[in-house]
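Spelled out from the first residue to the last, the chains are:
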Amino acid sequence: MPATVIVGLQWGDEGKGKTTDFLAEQVSMAVRYQGGDNAGHTVVLGDEVFKLHLVPSGVLYPHISCVIGPGVVVNPATLIAELDMLAERGIDTSKVRVSRNAHLILPYHVAQDAAMEARLGGNAVGTTHRGIGPAYADRALRIGLRVEDLVDERSFRARLARVLPDKNALLARLPGDEQFELEPLVALAMAWGQRLRPHLADTVWLVQDALAQGDHVLLEGAQGTLLDLDHGSYPFVTSSNPIAGGACTGGGIGPLQVDEVIGVMKAYSTRVGSGPYPTELTDAIGAGIASRGNEVGTTTGRPRRVGWFDAVPLRYAVAVNSASSIMLNKLDILSGIDEICLCVAYEIDGRRVEAWPSSAEQLAGATPIYERFPGWSEPIHAARTLAELPENARRYVSALETAAGVPIVLVSVGPERSQTIERAFRPMRRRPSLAPAPNLGSASSRGPGDLS
Ligand code: GDP
Ligand code: IMO
Ligand code: MG
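Draft legend 1. Fine view of the overall build of the protein chain. Check the secondary structure of the protein chain and you find twelve helices and 20 strands. What you see for the protein chain is a C-alpha radius of gyration of 22 Å, in line with the 22 Å of a compact globule of 452 residues. Its C-alpha atoms give the protein chain principal-axis dimensions of roughly 65 × 50 × 40 Å. By sequence separation, contacts in the protein chain at least 24 residues apart represent 78% of the contacts at least 6 residues apart.

Here's what the structure looks like:
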């Protein structure tokens, strides 16, 4: 039975929560593999709206075991609040497990994130201020504290005592000058540990055992490919690897255990935070999309920047994730727009570029080249087959599919589970491309600075 990875193909907020929830009925385990409470995944069930930051979206099904893997950075306060919120709303959280090896986001990471952003001023990344970058940095420096330390007071105190003077010295030099004391932090952490103890596990074996006994495991990415530390427009990225490969490192599975990678994208684009965004719309059309699509950050409440769909990074995203199929969300939001633009290439320094530029500087100088599609005026929430969509909507979906080079198998026309068009079977492995790869060989399409 398969391991399926669900991965965002854009800048996050593609509707991964809806996708996970839609597919979760058929699986027995859902795993978060990276990121932390910077994520905000929304699931709509009738009148009820669930906004999840750490617990995988599959939690709403009672039969699913939910795992927070070792690649996630966990703020225990957020996790406890989320477990309490779910329990209060009648959701069973007894099968939620968090990896003992996952790193902790502690209050000084949150302070460091905010202070570093404040110091950057106009050059800030626009982080969620959740302490994500500092926690992953400490993990890489091997000075991080882990979930397992929450239930070992001696080890927690000793590790914290080693790191806290350096943290306080750093914070003293940053805006805000927040300082932290050892014993109150130890007391807080031990209370967290007490509460979370029943949920701690060596999650890699849970996932491996599930796969070994033939269970279907869903691995739910957070953020998106264009925010990936290695593949996004650095430094305007997050500090983890949302791409499908991150499911291996952060979930504890091997590459050959992944059977299926479903890329999630929406019919236009959004971006929260700073960084280059060639197809950004700052006009009334953009404002209309933002308002109809309710494009407000789930975690921070910040307005999301909105733009036309950009097919240049799409092909890159499909490639680096080895996406085998795609779920296209929020097609309904484009109803009522006279003409829809799809960015198929950039002009950079007078040259046509079809390959996603690797540097933020190149991207900042990119002018989008658009193909234009006639829109449709009618609402499409009720469509349950492609045939029920207006012809112009079908044409647009088909253009996106050609640009992606892999099949769009699910089309979402509303936030609810039922508002979904199931188009075809899902290929378990990537099929040969439907469209030719971008012409990287010709001088006209090569990015500036590429070797000839
Ligand atoms: P995620 O972070 O990728 O899970 O996405 P978010 O939950 O942050 O943002 C997606 C938003 O769009 C949520 O409010 C979803 O309920 C909503 N949504 C998802 N799919 C659709 C759709 O097809 N149509 C509409 N109108 N809303 C959708
Ligand atoms: P989901 O899982 C959209 C963005 C932030 C900022 C950058 C770095 O809901 O799709 P960070 O706090 O991670 O250090 O911020 O990444 N960002 C997201 N944007 N959706 C998310 O998550 C995001 N998580 C982080 O806005 O630009
Ligand atoms: Mg989100």
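Text resumes after the structure shown.
Draft legend 2. Structural context of the site of ligand 2. Surrounding ligand 2, one finds 21 residues, the nearest of these being K16, H41, T128, Q223 and T238. The backbone of V272 places a nitrogen or oxygen atom 2.9 Å from an oxygen atom of ligand 2. Residues that form the shell around ligand 2 fall into these classes: eight nonpolar, ten polar and three charged. Two domains each provide a minimum of three residues to the shell around ligand 2, namely domain 1 (3-97 + 202-422) and domain 2 (103-197).

Draft legend 3. Geometry of the environment of T203. Relative to the assigned elements, T203 resides in helix α7 (residues 203-212). Separated by 133 residues in the primary sequence, T203 and P70 place their C-alpha atoms 7.6 Å from one another. What T203 contacts, discounting residues up to four positions off in sequence, is V67, I68, G69, P70, R97, V98 and S99.

Draft legend 4. Quick look at the site of ligand 1. Close contacts around ligand 1 come from 20 residues, with K16, G17, T42, D332 and S412 the closest. G17 places a main-chain nitrogen or oxygen 2.8 Å from an oxygen atom of ligand 1. Computed on the free molecule, ligand 1 has an accessible area of 580 Å², of which 92% lies beneath the protein chains in the complex. Among the secondary structure elements, those contributing two or more residues to the shell around ligand 1 are α1 (16-24) and β3 (41-45). Of the residues that constitute the shell around ligand 1, the class distribution is four nonpolar, nine polar and seven charged.

Draft legend 5. Quick look at the packing of aromatic side chains. A full pass over the atoms with the stated rule returns three aromatic pairs. Relative to Y277, the ring of W11 has its centre 5.0 Å away and its plane inclined at 55 degrees; by these criteria the two rings are tilted. Linking W11 in the loop between β1 (3-8) and α1 with Y277 in the loop between β12 (269-271) and α9 (284-292), this pair joins segments that are 266 residues apart in sequence. Accessibility classification places W11 together with Y277 in one group, the buried group. An angle of 70 degrees between the planes, with centres 5.9 Å apart, marks the rings of F373 and Y396 as edge-to-face. You can see F373 sitting in strand β18 (residues 367-374) and its partner Y396 sitting in helix α12 (residues 391-404), a full 23 residues away along the chain. Assigned by exposure class, F373 and Y396 land together as buried.

Draft legend 6. Examining the nonpolar core more closely. Of all hydrophobic cores here, the largest spans 59 residues; its most connected members are L331 and Y396. For this core, the element with the most residues is α12, which contributes seven residues.

Draft legend 7. Quick peek at the layout of surface pockets. Taken as a whole, the second largest pocket spans an internal volume of roughly 590 Å³. Taken together, 26 residues make up the lining of the second largest pocket; nearest its centre are T42, G293, R304, K330 and P415. For the lining of the second largest pocket, the secondary-structure elements that each account for two or more residues are α1, β3 and β4 (48-52). Of the residues belonging to the lining of the second largest pocket, the class tally is five nonpolar, twelve polar and nine charged.

Cut-off values and rules
- Residues numbered from 1 in each chain as written.
- Chains lettered and ligands numbered in written order.
- Predicted model: local features only at pLDDT ≥ 70, side-chain atom pairs only at ≥ 80, totals over all residues.
- Heavy atoms only, no water.
- Helix = DSSP H or I, 4+ residues; strand = E, 2+ residues; numbered from the N terminus.
- Rg over C-alpha atoms; globule rule 2.2 N^0.38 Å.
- Contact = heavy atoms within 4.5 Å.
- Near = heavy atom within 4 Å.
- Polar contact = N/O pair within 3.5 Å; in protein donor to acceptor, adjacent residues only side chain to side chain.
- Nonpolar A, V, L, I, M, F, W, Y, C, P; charged D, E, K, R; others polar.
- Domains from an automatic or database assignment.
- Areas by Shrake-Rupley, 256 points an atom, 1.4 Å probe, with all protein chains shown as cover.
- Phe/Tyr/Trp six-rings, centres within 6.5 Å; stacked < 30°, edge-to-face > 60°.
- Buried < 20%, exposed > 50% of the residue type's maximum accessible area, 1.4 Å probe, protein only.
- Core = buried A, V, L, I, M, F, W, Y, C linked by side-chain atoms within 4.5 Å.
- 1 Å grid on protein atoms, 1.4 Å probe; cavity = no way out; pocket = protein on both sides within 12 Å on 5 of 7 lines; lining within 4 Å.
- Points joined across faces, edges and corners; volume = space filled by probe spheres on them.

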